[in-house]
Amino acid sequence: MMFDYETMRLIWWGFLGALLIGFAITGGFDLGVAILLPFLGKNDTERRVIINSIGATWEGNQVWFVTAGASLFAAWPVAYSVAFSGFYFALLLTLFALFMRPIGFDYRSKLPSQKWRNNWDIALFVGGFVPALIFGVAFGNLLKGVPFYFDNDMRIFYTGSFWALLNPFALAAGLVSLSMIVMHGAVFLQIKTTGDINRRCKKVVAIFAIITLVIFALAGIWIANIDGYQISSDVLPNAPSNPLAKIVNKETGLWLDNYAHYPLLWAVPGLAFCAGALTMALSTIGRPGLAFITSSLTLAAVILTAGVSMFPFLIPSSSAINSSLTIWDASSSLGTLKIMFWVTVILLPVVITYTTWVFRVLRGKITVEHIHQNDHTAY
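Residues numbered from 1 in each chain as written. Predicted model: local features only at pLDDT ≥ 70, side-chain atom pairs only at ≥ 80, totals over all residues. Heavy atoms only, no water.

(A) Up close: the overall build of the protein chain. A count of helical and extended segments in the protein chain gives 13 helices and six strands. Taken over C-alpha atoms, the radius of gyration comes to 21 Å for the protein chain, in line with the 21 Å a tight globule of 379 residues would show. For the protein chain, the proportion of its 379 residues judged to be buried stands at 49%. Relative to all contacts within the protein chain whose residues are 6 or more apart in sequence, the contacts with residues 24 or more apart total 80%. Roughly 17,200 Å² of accessible area belongs to the protein chain as shown, and the carbon and sulfur atoms make up 70% of that amount. Within the protein chain, one finds 23 positive and 18 negative side-chain charges whose respective centroids are separated by 12 Å. (Helix = DSSP H or I, 4+ residues; strand = E, 2+ residues; numbered from the N terminus. Rg over C-alpha atoms; globule rule 2.2 N^0.38 Å. Buried < 20%, exposed > 50% of the residue type's maximum accessible area, 1.4 Å probe, protein only. Contact = heavy atoms within 4.5 Å. Areas by Shrake-Rupley, 256 points an atom, 1.4 Å probe, with all protein chains shown as cover. Lys, Arg positive; Asp, Glu negative; His and termini not counted. Charge placed at Lys NZ, Arg CZ, Asp CG, Glu CD.)

As structure tokens, this is what we get:
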């Protein structure tokens, strides 16, 4: 095998980031379209157009979400257990919200009752809104530090609560996540629709692109004034995982330390602003295909900004800072990372290929006429 433990840990940090970005781009527009459903669809037929714009692909997009969770479990089992303990109720709430999506898609048009359909529209809205908000809140809490610690027997203790997760900075991060996903969903809907819905999408893209960039900028200023983390003892990237074998320093502004050492990293948040502005401009002049690419770059850059700011931390601890988890001390064994590396190298291109093929086959506009012609088979 050509890679040592340190390199494999770096590779798996990259894989995890790629999977999260993959889900944000593919699953993100699904969530965004669901959030926009009650607002952009002015009658039942228009709402069916919106639902059917994602109806054929939304299930496949969940592969990225499931794979990201599985990768976290396999590559970073300690981080997985801490995250699912600390964010237990938040993740449970997210899963319940996601449950509404398949039921809503399948049952909404089974009955002609408008009340029935309106209720399912609300359910689909909740199924998009809650995950989009909570994913951002989770990232915000990672940057603030999660209240957990290990005892001498390496048992994990969580000292926080569900309501404590909803702190002001985390909610700001949640609003960044929510607004950029709405923008991304509106761009996708602009690609898939014509007429009035298409025109409404342009306005939504412009509004939420501005909101995303403004809140992202404010969060950047805010993060310079909150406590960041830094390993102050020797880093042992090839040593066996032991989260307590290091000393961590916590000071205001340390999340910007990586940018001070590697100024090129400023290009990452810079890309978010440039791509967000381009998304608004391209959508306005009627180039939604290109706008979707720049919107995807915006999402990727925002997620990468959080990743490179925290590197090498995965989950900092606000209760006992030396219990913080980093990529150097929370991974699986070298053998496990090697096996999963080859599995990923083989299967990830397969996922990318069939995802691309599906979107190519199912390309094209969803129109009011299409819904009328397929009244009994369309969602």
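Next comes the rest of the account.
(B) Quick look at the environment of R287. With respect to the helices and strands, R287 occurs in the loop between α10 (267-284) and α11 (288-310). Between the C-alpha atoms of R287 and I191, which are 96 residues apart in sequence, the distance is 8.5 Å.

(C) View of the side chain of T344. Counting through the fold element by element, T344 comes out in helix α12 (residues 334-361). Residue classification places T344 among the buried residues on the basis of a relative accessible area of 17%. In contact with T344, other than residues within four places in its own chain, are W12, F15 and P349.

(D) Representation of the pattern of salt bridges in the model. Under the criterion given, the structure shown has nine salt bridges. For the salt bridge of D121 with R47, the shortest nitrogen-to-oxygen distance reads 2.8 Å. Separated by 74 residues along the polypeptide, D121 in helix α6 (residues 114-144) and R47 in helix α2 (residues 44-55) bring together distant segments of the chain. For K246, the salt bridge identified is with D329, shortest N-O distance 2.8 Å. You can see K246 sitting in the loop between β3 (227-231) and β4 (248-252) and its partner D329 sitting in the loop between β6 (325-326) and α12, a full 83 residues away along the chain. Across this residue pair, the class does not change: K246 and D329 are buried. (Salt bridge = Lys/Arg side-chain N within 4 Å of Asp/Glu carboxyl O.)

(E) Representation of the nonpolar core. Ranked by size, the top nonpolar core spans 53 residues in total, and within it L40, I50 and L189 carry the most contacts. Here this core gets eleven residues from one element, more than from any other, and that element is helix α1 (residues 5-40). Look past the residues within four positions of I50 in its chain and what remains in contact with it is V33, L37, L40, G41, L189 and I197. Counting 41 residues, the second-largest nonpolar core is a separate cluster that includes W76, F169, I327 and L337. (Core = buried A, V, L, I, M, F, W, Y, C linked by side-chain atoms within 4.5 Å.)

(F) How the structure looks around the packing of aromatic side chains. Under the criterion given, the structure shown has 31 aromatic pairs. Where F3 meets F341, the ring centres are 5.5 Å apart and the plane angle is 80°; that geometry is what we call edge-to-face. Of this pair, F3 sits in the segment before α1 while F341 sits in helix α12; the two residues are 338 residues apart in sequence, bridging distant segments of the chain. Relative accessible area serves as the criterion here: at 26%, F3 is assigned to the partly exposed category. Aromatic pair F169 and W222: ring centres 5.4 Å apart, planes at 85°, arrangement edge-to-face. (Phe/Tyr/Trp six-rings, centres within 6.5 Å; stacked < 30°, edge-to-face > 60°.)

(G) Main features of the environment of W266. Mapped onto the elements of the fold, W266 is located in the loop between α9 (257-261) and α10. Sequence separation between W266 and D44 is 222 residues; the distance between their C-alpha atoms is 46 Å. Those residues in contact with W266 that sit more than four places away from it in its chain are L256 and Y259.

Without other data, these values stay purely geometric and don't point to any function.
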